[in-house]
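Each chain is listed here by its residues.
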Amino acid sequence: MRAHSMTQATLADGRDLFYFDDAPDGGAGETDARRRGRPRPAFADLRAPGGRSAAGELRFDALTGEWVAIAAHRQSRTHLPPADECPLCPSTPENPTEVPAPDYDVVVFENRFPSLGPDVGQLPGQPAWGTSVPAYGRCEVVSFTQDHTGSFGRLSEVRARTVVEAWAARTAALNALPGIRQVFPFENRGAEIGVTLHHPHGQIYAYPFVPPRAAVLAAAARKYYDDAGGRDTLTGSLLRAERTDGSRMVFEGRHFSAYVPFAARWPLEVHLVPHRQVADLAGLDGGEKDELARLYPDLLRRLDALYPSPTPYIAAWQQAPLDGLLRPAGYLHLQLTSPRRAADKLKYLAGSEAAMGAFINDTTPEAVAARLRDAGTEGSTR
């Protein structure tokens with residue numbers, strides 16, 4: 001397995017930053033090839049030392065039994081800055097950024113405007129109306145490249161593999177923090193989704209609770225697991241059913257397959273699932289990571305090939321909760337969704353979806369899967 005190097009640094013306000021460098025045998029075309037395999041030099045954050053932004057709070061919603069993050073400090077976060085003011089580009093004397101280095105491959109750092117953290121801790125076991133606690137947890141930013149323009153789908157396989165390594169390493173590290181119950185890597189892509197930075201990047205949230213959507217998935221998975229006597233998993237059974245049926249399959253690899261789910265909620269929805277049950281990205285082996293770095297960008301390119309302009313999406317890595325009861329039934333998979341239902345139309349969550357959580361899909365999963373299969377050749381040339 002190729003070896004990736006990781007170097008830790010500290011920003012001026014005390015936040016952690018981690019550089020992940022492409023593997024030494026990654027080949028030509030990546031930044032600063034002369035440095036491959038050598039320790040990354042340390043670069044000081046040139047910005048004035050200062051305190052972190054104010055921490056938020058978590059309030060308990062007694063009506064639903066859910067936790068809500070109150071993060072008013074995020075109102076002042078950076079919003080779609082011009083390229084010469086981008087906080088994810090490498091630092092220059094004119095623009096000292098979040099990355100105090102003249103170049104980088106992949107970088108992960110604590111969010112300057114976090115919804116959760118920086119403190120970690122346990123939530124109260126018996127919350128009620130009026131319960132408020134510090135917003136325990138961690139929010140990290142993952143910048144996929146030093147290039148200001150582009151997308152994950154256009155990364156080289158070498159660079160995509162480094163991002164996968166960063167996801168896995170940070171998942172393992174965040175799993176180990178006290179009080180964390182769910183680690184969630186994701187990417188919001190496109191202004192239609194609400195991104196605040198154009199630079200290709202994603203995020204990782206480490207929650208002190210199992211979020212509502214993850215809790216629903218985990219409960220269904222555990223029930224199936226128990227009904228099967230611990231011999232089968234819900235996600236694994238769905239993967240087998242989709243592969244047998246075939247009508248909604250997008251592609252099948254050695255370690256991963258992608259399909260449009262039978263009851264897709266969104267106009268564009270694809271699940272990318274490993275063939276082996278694994279709890280999270282940290283549990284993937286080298287061969288699985290290698291194939292993921294090839295197949296995942298291919299899937300994103302197919303999505304972009306459907307229409308003349310790039311498709312907005314949310315890429316959500318569903319990892320097993322850290323809860324001891326739920327984790328044995330957990331099964332890593334990607335849920336890739338887009339509200340785009342036509343070249344010039346988006347699906348908006350209106351009354352039935354937003355108020356009741358009852359989705360109405362304007363497309364058929366079989367037709368979407370066929371389009372994505374056909375987009376494979378076209379997408380590879382765009």
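Values in this document were obtained by computation on a predicted structure and should not be read as measured data.

A.B. asks: I tried to follow the nonpolar core on my own but got confused; where do I start?
C.D. replies: One finds Phe152, Trp167, Leu272, Leu292 and Tyr296 to be the most contacted residues of the largest nonpolar core, which totals 51 residues. It is helix H4 (residues 286-305) that provides the largest number of residues to this core, a total of 8 residues. Once you skip the residues sitting within four places of it in the chain, leucine 292 turns out to touch Val164, Phe256, Leu272, Leu281, Leu284, Pro297 and Trp317. Grouped together as the second largest cluster of nonpolar side chains are 15 residues, Val133, Ala135, Tyr205 and Tyr207 included.

A.B. asks: Explain the side chain of threonine 196 to me, please; I cannot follow it from the model alone.
C.D. replies: The residue threonine 196 is located in the loop between strand S8 (182-189) and strand S9 (201-207) in this model. Owing to a relative accessible area of 19%, threonine 196 belongs among the buried residues under this scheme.

A.B. asks: I keep staring at the pairing of strand S5 (residues 106-110) and nothing clicks. Help me out?
C.D. replies: Where a strand is regular, its side chains alternate between the two sheet faces. Of all 5 residues making up S5, 5 are buried, and the element is well covered by its neighbours. Across the two faces of S5 the burial is the same, with Val106, Val108 and Glu110 and Val107 and Phe109 all buried. Judged from the 4 bridges that link them, S5 and strand S7 (residues 138-143) form a sheet pairing that is antiparallel. Among the inter-strand pairings, glutamate 110 is bridged to a residue of S7, identified as glutamate 140.

A.B. asks: Sorry if this is basic, but what is going on with the sheet that holds strand S4 (residues 66-70) here?
C.D. replies: In a beta sheet, neighbouring strands pair by backbone hydrogen bonds and run either parallel or antiparallel. Spatially, the 3 strands line up as an open sheet ordered S4-S3-S6, and their pairing is antiparallel. The open sheet has two edge strands, S4 and strand S6 (132-134), and neither has a second partner. Taking the axes of each pair of neighbouring strands and ignoring which way they run, one obtains an average angle of 30° across the sheet. Alignment of strand S3 (residues 57-61) against S6, held across 3 bridges, turns out to be antiparallel. Counterpart to leucine 58 in the pairing with S6 is valine 133.

A.B. asks: When you look at helix H1 (residues 157-175) in this model, what are you seeing that I'm missing?
C.D. replies: Helical periodicity: at 3.6 residues per turn, an α-helix aligns residues three or four positions apart in one direction. The end-to-end C-alpha distance of H1, which contains 19 residues, comes to 27 Å, matching closely the 27 Å that a straight helix rising 1.5 Å per residue would cover. The buried count for H1 comes to 15 of 19 residues, which makes it a mostly enclosed element.

A.B. asks: Sorry if this is basic, but what is going on with the side chain of serine 143 here?
C.D. replies: In this fold, serine 143 is placed in strand S7. With relative accessibility at 0%, the residue serine 143 sits in the buried group. Apart from the residues within four sequence positions on either side, serine 143 is in contact with Leu88, Tyr104, Asp105, Val106, Val107, His199, Pro200 and His201.

A.B. asks: I keep staring at helix H3 (residues 234-245) and nothing clicks. Help me out?
C.D. replies: The first and last C-alpha atoms of H3 sit 17 Å apart over 12 residues, in line with the 16 Å expected at 1.5 Å per residue. Listed in full, the buried residues belonging to H3 are Thr235, Gly236, Ser237, Leu239 and Glu242. Against the buried residues of H3 lie helix H2 (212-227), strand S10 (249-252), strand S11 (256-259), strand S12 (268-274) and strand S14 (333-338).

A.B. asks: Just to check I follow, could you spell out the pattern of salt bridges for this structure?
C.D. replies: Pairing is possible between side chains of opposite charge, provided their charged atoms come close. Summed over the entire model, instances satisfying the criterion amount to 28 salt bridges. Between glutamate 98 and arginine 15 there is a salt bridge, with its nearest N and O atoms 2.8 Å apart. One end of the pair, glutamate 98, is in the loop between S4 and S5; the other, arginine 15, is in the loop between strand S1 (5-10) and strand S2 (16-21), and 83 residues separate them in sequence. Judged by relative accessible area, glutamate 98 falls into the buried class, the value being 5%. A salt bridge links aspartate 280 to arginine 327; the shortest N-O distance between them is 2.7 Å. One end of the pair, aspartate 280, is in the loop between S12 and H4; the other, arginine 327, is in the loop between strand S13 (313-318) and S14, with 47 residues separating them in the sequence.

A.B. asks: In this structure, what is going on with the sheet that holds S8? I would like to understand it.
C.D. replies: Ordered by their spatial adjacency, 11 strands build an open sheet running S1-S2-S5-S7-S9-S8-S13-S14-S12-S11-S10, and the pairing between neighbours is antiparallel. Two strands close off the open sheet at either side, each with one partner strand: S1 and S10. Strand after strand, the sheet turns through a mean of 20° between neighbouring axes, direction not considered. Direction of pairing for S1 relative to S2: antiparallel, over a ladder of 6 bridges. Along S2, the bridge assignment pairs serine 5 with aspartate 21. Its contacts with the sheet put H1 on S2, S5, S7, S8, S9 and S13, and the angle it makes with S2 is roughly 145°.

About the thresholds
- All residue numbers refer to positions counted from 1 along the written sequence of the respective chain.
- Per-residue local features are limited, in this predicted model, to residues with pLDDT of at least 70; the limit for side-chain atom pairs, both in listing and counting, is 80 or more; totals at the level of whole chains, interfaces and linings are taken over all residues.
- Only hydrogens and water are set aside; all other atoms, that is, all heavy atoms of the structure, feed into the side-chain values.
- Residues enter a nonpolar core if they are buried and are Ala, Val, Leu, Ile, Met, Phe, Trp, Tyr or Cys, with the set joined through side-chain atoms within 4.5 Å.
- Three exposure classes are used, based on accessible area relative to the maximum for each residue type with a 1.4 Å probe and protein chains only: buried under 20%, partly exposed in between, and exposed over 50%.
- Under the DSSP-based scheme used, a helix requires at least four consecutive residues in state H or I and a strand at least two consecutive residues in state E, with every element numbered from the N terminus.
- We call two residues in contact when some of their heavy atoms are within 4.5 Å.
- Strand pairing requires that DSSP identify at least two bridges connecting the strands.
- Only the contacting stretch of a helix is used when fitting its axis, a line to C-alpha atoms as for every element, and angles between N-to-C directions run 0 to 180 degrees.
- The span one expects for a helix is its residue count, reduced by one, times 1.5 Å.
- Basic side-chain nitrogens of Lys or Arg form a salt bridge, by our definition, when they fall within 4 Å of a carboxyl oxygen of Asp or Glu.

Coordinates in, geometry out; function isn't part of it.
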